[in-house]
Amino acid sequence: MTDPARHEPFALLAEFDDPERLVAAAHALKEQGWARLDAFTPFPVKGLDEALGFADDRVAKATFVGGVVGAVTAFAMQAGLSLDYPLWTGGRPLIAVPSFLMITFELTVLGAVLAGIGTLLVTSRLPRFNHPAFDAERLDLSRDDRYFLAILAGPTFDRDEAGKALAALNPRSITQVPKEPGA
Amino acid sequence: MTAASDKRAAQWVLALPTRFPAPTAWLVSMGVALSLLALFLVSVGVLFAQGPGVWGNNIPVGWGFPIINYVWWLGIGHAGTLISAMLLLLGQDWRNTLNRFAEAMTLFAVTCAGLYPILHLGRPWRFYWMAPYVSTMGVWPQFRSPLTWDFFAVLTYLIVSTLFWYIGIIPDLAAARDRATRRRWQVLFGLGALGWRGQASHWQRWQQAYRLTAAIAVPLVVSVHSEISLLFAAGPIPGWASTVFPPYFVLGAAFSGFAVVSMLTVWLRWMLGLHALVTPRHLDMLGRLTLATGLMTAYGYVAEVFAAAWAGRHEMATLTARVTGPYAWSWWGAVLLNFVPLQLLWSQRARTRPLVLLLVGACATVGMWLERFMLVVTSLHHDWLASSAHRYVPTFWDWSLFAGTIGLFLTLFLLFVRLLPVISAFEVREEAVEGGGD
């Protein structure tokens, strides 16, 4: 038998073969008061975020902030540098607001997109080439046509209770994902 | 098509790179592409050794092929972003079979476009002078110039479209990584997938990022090609200084791009046997998009003629020179190739015939090139001073570099087709499961 202290689990997974059952199962566990839930799916499943209680809007906020920073930077850069090195042409003002709006728009876009995608990667802790999920049996099917509900192990994780809760959902299979490969 | 067959098709797409179905057709295409790429390298070598004097550019036609081809390539690129981003936001799920390779087309077309202004500089190793950077010279770019706007627009567009394409392909790279059995494919896909594991908390943020980027990419396309048009329209040159230019350029760009997407779709469908995924419905939709943007471009032509007739004098003289002058072939060629074959696409039977779509696409691609030639050359070659009238004749090195950039495009595109999933498998699957009522 394995020694539980040496083989700490990362998560316990329940496998489903269609997304609606996954969402229903996620709802059920959430209602039973389980925290630290997650899922592994081949595509973003509709309604799953609500079921799992995910409401992370950091990407959206970062996109907005990035856009504002880009816009301010772009306009300040153009105005400042035009004053620093004045190029008088055609009797037009040095701070020519309409002419500056093109670059302001472009850098707004650039700032927004870089901040949004950067936040996606940082908050999801990506890139990460080594993760317990990669060693889990059958979990690679979640890139195909299986949908896995996960109870992630925390400090108060009770393997038996989690196992019972998942078994009650009537999944195709239940798998334990160890923290260390080969454990 | 049934949901089950869509799911099988999605798996099949992921297996494409590892079990490539058309090695011979690919090798032959790659042979052509690499020959043209060699021509590109030779042309660039000659250009660097001898300077832009090897081209037909002169005074007053200082722009010539580099700007014609720059606008042409960039315009083609825009269709990929529009198909992917605009149709995503509109909830048009059929885009899922086209968006991946259409966006790849965007990246490679923008690469070709971006090279042209740099090569045009004469001292291309100093292209970074366009950027505002701190230097001992103490000078800064002229921010009121469309040339400087252009630098920022194209750079932003290249970065944003690369990122949009890349975060779109990450989930498929992860799926391909897990399916691959050979070590080298596992490593290639694994590195590209950044450790994606389809976790729901990641998907939630991914969806926000993907949709927001799409929402931003659509106005970005409009802004980028509007800025290109301002290279022309912001000056006082007859035939260029017109307020119709920004929308006219954006729509013309979309038109030429949809024409090229149609051609690539028909080609890939044939080469890779994608008939289960790229159905007559997709061809139909591409035909409609090409027809719609083509007609809008035609409106641009009418508006241009109207503006010239209304302005009179120099504008009218330029219009007359375009229609009857030494470059009349480019004006009439553009009108005929762009809008006459296009009328076939009113018929649904014609739209769903791959060969018809391919030929109409080819006509529009050539026609839109002629349009850019006409716009650049006719307005420049004959001014109202005797000193600034000079015929423009492209040289061998003009043509060879142009053919070379087509080689560069094809090489990059064929590598993409060979190495990466050409169709967004996870979105096809999503559509099959959630849209198809599994």
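Computed from a predicted model, the values in this text were never measured in an experiment. (Residues numbered from 1 in each chain as written. Chains lettered and ligands numbered in written order. Predicted model: local features only at pLDDT ≥ 70, side-chain atom pairs only at ≥ 80, totals over all residues.)

A. Fine view of the overall build of chain A. Tallying secondary structure elements over chain A gives 6 helices and 4 strands in all. Taking 16 Å as the expected radius of gyration for a compact globule of 183 residues, we find that chain A reaches 25 Å, considerably beyond that expectation. Out of the 183 residues in chain A, the part that is buried amounts to 41%. Considering only intrachain contacts with a sequence separation of at least 6, the fraction spanning at least 24 residues in chain A is 80%. (Helix = DSSP H or I, 4+ residues; strand = E, 2+ residues; numbered from the N terminus. Rg over C-alpha atoms; globule rule 2.2 N^0.38 Å. Buried ≥ 20, exposed ≤ 12 C-beta atoms within 10 Å, placed from the backbone. Contact = placed C-beta atoms within 7 Å.)

B. The arrangement of the overall build of chain B in detail. Within chain B one finds 15 helices and 0 strands. Relative to the 2.2 N^0.38 estimate, which gives 22 Å for 438 residues, the radius of gyration of chain B is 23 Å and therefore close to what a compact globule would have. Along the longest, intermediate and shortest principal axes, the C-alpha atoms of chain B span 70 × 60 × 40 Å. Looking at the 438 residues of chain B, the share that counts as buried comes to 52%. A separation threshold of at least 6 residues defines the contact pool for chain B, and within that pool the share at least 24 residues apart is 81%.

C. Summary view of the nonpolar core. If you look at the biggest cluster of nonpolar residues, it comprises 186 residues, and the most contacted ones within it are A:L22, A:A26, A:A39, A:A150, B:M105 and B:V261. In terms of residue count, the dominant contributor to this core is helix α8 (residues 245-272) of chain B (17 residues). Each of domain 1 (9-55 + 131-178) and domain 2 (58-123) of chain A gives at least three residues to this core. Those residues in contact with B:M105 that sit more than four places away from it in its chain are B:G80, B:V260, B:V261, B:L264 and B:F413. (Core = buried A, V, L, I, M, F, W, Y, C linked by C-beta atoms within 7 Å. Domains from an automatic or database assignment.)

D. The pairing of strand β1 (residues 9-16) of chain A, seen in detail. All names here are of chain A. The buried fraction of β1 is high, at 7 of 8 residues. Strand direction decides the pairing type here: β1 and strand β4 (residues 173-178), joined by 6 bridges, are antiparallel. Each residue of the ladder has a partner; that of L12, found in β4, is Q176. Bridge count for β1 against strand β3 (residues 147-152) is 6 bridges, and the pairing is antiparallel. If you follow A14 over to β3, its bridge partner there is L149. (Pairing = 2+ DSSP bridges.)

E. Spotlight on the domain arrangement of chain A. You can read the domains of chain A as domain 1 (9-55 + 131-178) and domain 2 (58-123). In this structure, domain 1 of chain A and domain 2 of chain A have C-alpha centres spaced 43 Å apart.

F. Inspection of the environment of B:L16 at higher detail. All names here are of chain B. Note that L16 resides in the loop between α1 (3-15) and α2 (23-50). For L16, a count of 21 C-beta atoms within 10 Å corresponds to the buried category. Those residues in contact with L16, other than ones at most four positions away along the chain, are L272, P421 and V422.

G. Region of the structure containing unusual backbone geometry. In this chain, A:L126 is followed by A:P127 through a cis amide linkage whose omega measures -5 degrees. Along the chain, the position of A:P127 falls in the loop between α4 (97-123) and α5 (132-135). In this chain, B:I59 is followed by B:P60 through a cis amide linkage whose omega measures 20 degrees. Note that B:P60 resides in the loop between α2 and α3 (64-89). For B:L194, which is not a glycine, the phi torsion comes out positive at approximately 60 degrees. For B:L194, the position within the fold is in the loop between α6 (183-193) and α7 (200-233).

H. Summary view of the environment of A:I95. All names here are of chain A. Following the sequence through the fold, I95 ends up in the loop between α3 (58-84) and α4. For I95, a count of 15 C-beta atoms within 10 Å gives the class partly exposed. When the C-alpha atoms of I95 and L81 are compared, they prove to be 9.9 Å apart, with 14 residues separating the residues in sequence. Here I95 is in contact with A79 and S82, once residues within four sequence places are set aside.

I. Looking closely at the interface of chain B and chain A. If you look at the interface, chain B gives 50 residues, while chain A gives 56 residues. Where the side of chain B that touches chain A is concerned, the elements lending two or more residues are α1, α5 (146-179), α7 and α15 (425-435) of chain B. Here the side of chain B that touches chain A takes 16 residues from α7(B), the largest share from any one element. In terms of residue class, the side of chain B that touches chain A is built from 24 nonpolar, 15 polar and 11 charged. (Nonpolar A, V, L, I, M, F, W, Y, C, P; charged D, E, K, R; others polar.)

J. Examining the confidence of the model for chain B more closely. With 98% of its residues at a pLDDT of at least 70, chain B reaches an overall mean of 92. Prediction confidence for the complex, expressed as pTM and ipTM, is 0.93 and 0.92 respectively. (pLDDT = per-residue confidence, 0-100.)

K. Focus on the environment of B:A362. Here B:A362 shows up in helix α13 (residues 354-380). Classification of B:A362 as partly exposed rests on a count of 16 C-beta atoms within 10 Å.

L. Molecular detail of the packing of α7(B) against α8(B). Residues and elements named next belong to chain B. Where α7 meets α8, the axes come as close as 8 Å, and the angle between the chain directions of the two elements is 125 degrees. When the axes of α7 and α8 are compared, the pair comes out oblique. Crossing hand, α7 versus α8: right-handed. Across the interface between the two elements, V222, H225, S226, I228, S229, L230, F232 and A233 of α7 pack against F245, P246, Y248, F249, V250 and A253 of α8. (Axes fitted to C-alpha atoms, helices over the stretch in contact; angles between N-to-C directions. Parallel < 35°, antiparallel > 145°, perpendicular 65-115°, else oblique. Left-handed = near helix turned anticlockwise from the far one by under 90°.)

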